[in-house]
Amino acid sequence: MSKTKAASLLLILCVLTPAQTLFAQSRRGAAAAVGAAERRMLTARVKSEFLHAWRGYKKYAWGHDDLRPLSKTHHDWYAQPLLMTPVDALDTLILMGLKDEAEATRKYIVENLSFDKDISVQNFEVTIRLLGGLLSGYQLTGDRRLLALAEDLGNRLLPVFDSPTGIPYRFVNLRTGKVRGAETNPAEAGTLLVEFGTLGRLTGKTVFYDKAKRALVETYKRRSKLGLVGTRINVESGVWTNTDSHVSAEIDSYYEYLLKCWLLFGDRDCRRMWRESVAAVNQHLADEPRGELWYGHADMHTGRRTATTSGALDAFFPAVLALSGDLRRAKRLQASSFKMWTLNGIEPETLDYRTMRVVEPGYPLRPEIIESAYYLYHYTKDPRYLREGERLFEDFVKHCRTDEGYAALKSVLTKEKADSMQSFLFAETFKYFYLLFAPPQTLRFEGVVFNTEAHPLRKTR
Ligand code: DMJ
């Protein structure tokens, strides 16, 4: 190399940010290693940012479901709070070693949370956030009052399964058991068995496992000849009301739980359903513009392409592919997700991956791309995923941090903030950042399965 060339290369490397350096390196195929001191520093930064948001919640919204970070007020999902943020945050507090905060939160939950409320709640959200959070909290602390709360909640949710098909209604009144919402989707019908199954194993009450498993199986049984499911289904007639098929909102975690229920419980039906389903997804939904890998939309019966869109929620799929052993597709898909993120310095809710045009510009602090970086780093130990995580974290802090918390973005194009900080920020987004950078012994990956809200549940085969 000539002296002038060497000098200009040195200059370029000096002015590049770490993330830009990653790109420079990735063109040559390898990311720079991340040393132990650098990882410690990143871990500490994540913890400190988590605490920043947690203090904001405690200061302005303690006892309520979420913090509204711009108006510095609180938000409750229903007429009475269900402690969404404390329950979702508890296991992250424990994993981060924040003992006093975890202890105070556990105490507050067991002394104040009651499900004897005359409110109609969304079964899916309450299951993944509250049932999942209480169960992992119980497994991490051994506090049986958390399990008792989970069992009480489980019993109050059970009426949702009393439909003619066994596919659950969407809403149930926690006090009266009255159900509503006959039109549901595979995600809400099929993302229940990890939590209900664990509750069944821990209480010895098989009804929890059996009802949630039936819901998953009955959804699967209605797949098309191509092996795909649609977006909406009527729980009373079992008829699809929207036949669009994809791995995005309203379907996503249905696939995740087919795989995870095999891994968590050793349920062979789930393994068979996962294998058949993922083969159909790879055959009919995968798309390869410009040699990249994306998963788009197609009609469940004909396989005809209906949309070339993907988004922040779809970014969970590399993690699931990696967990299933398909690292080749997982790596290619994660590269696409990362491209989607870097397009505007943060990912949009929906993107047309053919034109690279943003379709829905919001960013509600979603974790999925970080979750996938964590899984891929776990399996490959390729520093690329640590560097990727570092870039995601820098952008995330830069665009979403407020003086008293973190705020969703109305638009990733303008970076205008929205007055919302959902509890999955604590359950998932910060947890996956933390686990990505922290030493592997922080959590024995092979011993647990994360529910879709990132609550780690112990394998009980
Ligand atoms: C979470 O509540 C869960 O991960 C769910 O499966 C999908 N959406 C949010 C986070 O984006």
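Undergrad: Explain the sheet that holds strand 12 (residues 297–299) here, please?
TA: In any sheet, the strands associate via hydrogen bonds between backbone groups, in a parallel or an antiparallel arrangement. Pairing in this open sheet of 3 strands is antiparallel, and the strands run 9-12-13 from one edge to the other. The open sheet terminates on both sides in strands that have one partner only, identified here as strand 9 (244–245) and strand 13 (305–307). Inspection of the sheet shows strand 12 paired to strand 13 by 2 bridges, in the antiparallel sense. Note that in strand 13 the partner of His297 across the bridge is Ala307.

Undergrad: Hey, could you run me through the packing of helix 9 (residues 193–203) against helix 10 (residues 206–221) in this one?
TA: A pair of packed helices can be characterised by two numbers: the angle between their axes and the separation between those axes. The contact between helix 9 and helix 10 brings their axes to 7 Å, and the two run at 160°. Considered as vectors, helix 9 and helix 10 are oriented roughly antiparallel to each other. Of the two possible hands of crossing, helix 9 and helix 10 adopt the one that is left-handed. Residues Leu193, Phe196, Gly197, Leu199, Gly200, Arg201 and Thr203 of helix 9 form the contact with helix 10, whose participating residues are Phe208, Tyr209, Ala212, Lys213 and Leu216.

Undergrad: Any chance you could explain the confidence of the model for the chain here in plain terms?
TA: The predicted structure's coordinates, where accompanied by low pLDDT, should not be read in detail. On average, the chain scores 94 in pLDDT, and the residues at 70 or more come to 93%. This stretch, residues 1–28, has a pLDDT under 50; its non-local contacts, to residues over four places away or in other chains, come to 20 contacts.

Undergrad: Can you help me understand the packing of aromatic side chains in this one?
TA: The geometry of an aromatic ring pair is captured by two quantities: the separation of the ring centres and the angle between the planes. For the structure shown, the criterion picks out 31 aromatic pairs. An angle of 85° between the planes, with centres 5.5 Å apart, marks the rings of Tyr406 and Phe430 as edge-to-face. Of this pair, Tyr406 sits in strand 18 (residues 405–406) while Phe430 is found in helix 17 (residues 424–437), placing the two residues 24 residues apart along the sequence. Using a relative accessible area of 0% as the deciding quantity, one classes Phe430 as buried. Taking the ring centre of Phe171 as reference, the NZ or CZ of Arg180 above it sits at 4.1 Å. A cation sits over an aromatic face here: Arg271 above Trp262, 4.4 Å from the ring centre.

Undergrad: Please clarify how the site of the ligand should be interpreted in this entry.
TA: What surrounds the ligand is the set Ile128, Arg129, Leu313, Arg366, Pro367, Glu368, Phe424, Glu428, Thr452 and Glu453. Side-chain polar atom of Arg366 to an oxygen atom of the ligand: 2.7 Å apart, as the coordinates give it. Between Thr452 and the ligand, the recorded distance is 2.7 Å, taken from a backbone N or O atom to an oxygen atom.

Cut-offs and rules
Residues numbered from 1 in each chain as written. Predicted model: local features only at pLDDT ≥ 70, side-chain atom pairs only at ≥ 80, totals over all residues. Heavy atoms only, no water. Pairing = 2+ DSSP bridges. Helix = DSSP H or I, 4+ residues; strand = E, 2+ residues; numbered from the N terminus. Axes fitted to C-alpha atoms, helices over the stretch in contact; angles between N-to-C directions. Parallel < 35°, antiparallel > 145°, perpendicular 65-115°, else oblique. Left-handed = near helix turned anticlockwise from the far one by under 90°. Contact = heavy atoms within 4.5 Å. pLDDT = per-residue confidence, 0-100. Phe/Tyr/Trp six-rings, centres within 6.5 Å; stacked < 30°, edge-to-face > 60°. Buried < 20%, exposed > 50% of the residue type's maximum accessible area, 1.4 Å probe, protein only. Lys NZ or Arg CZ within 6 Å of the ring centre and 35° of its normal. Near = heavy atom within 4 Å. Polar contact = N/O pair within 3.5 Å; in protein donor to acceptor, adjacent residues only side chain to side chain.

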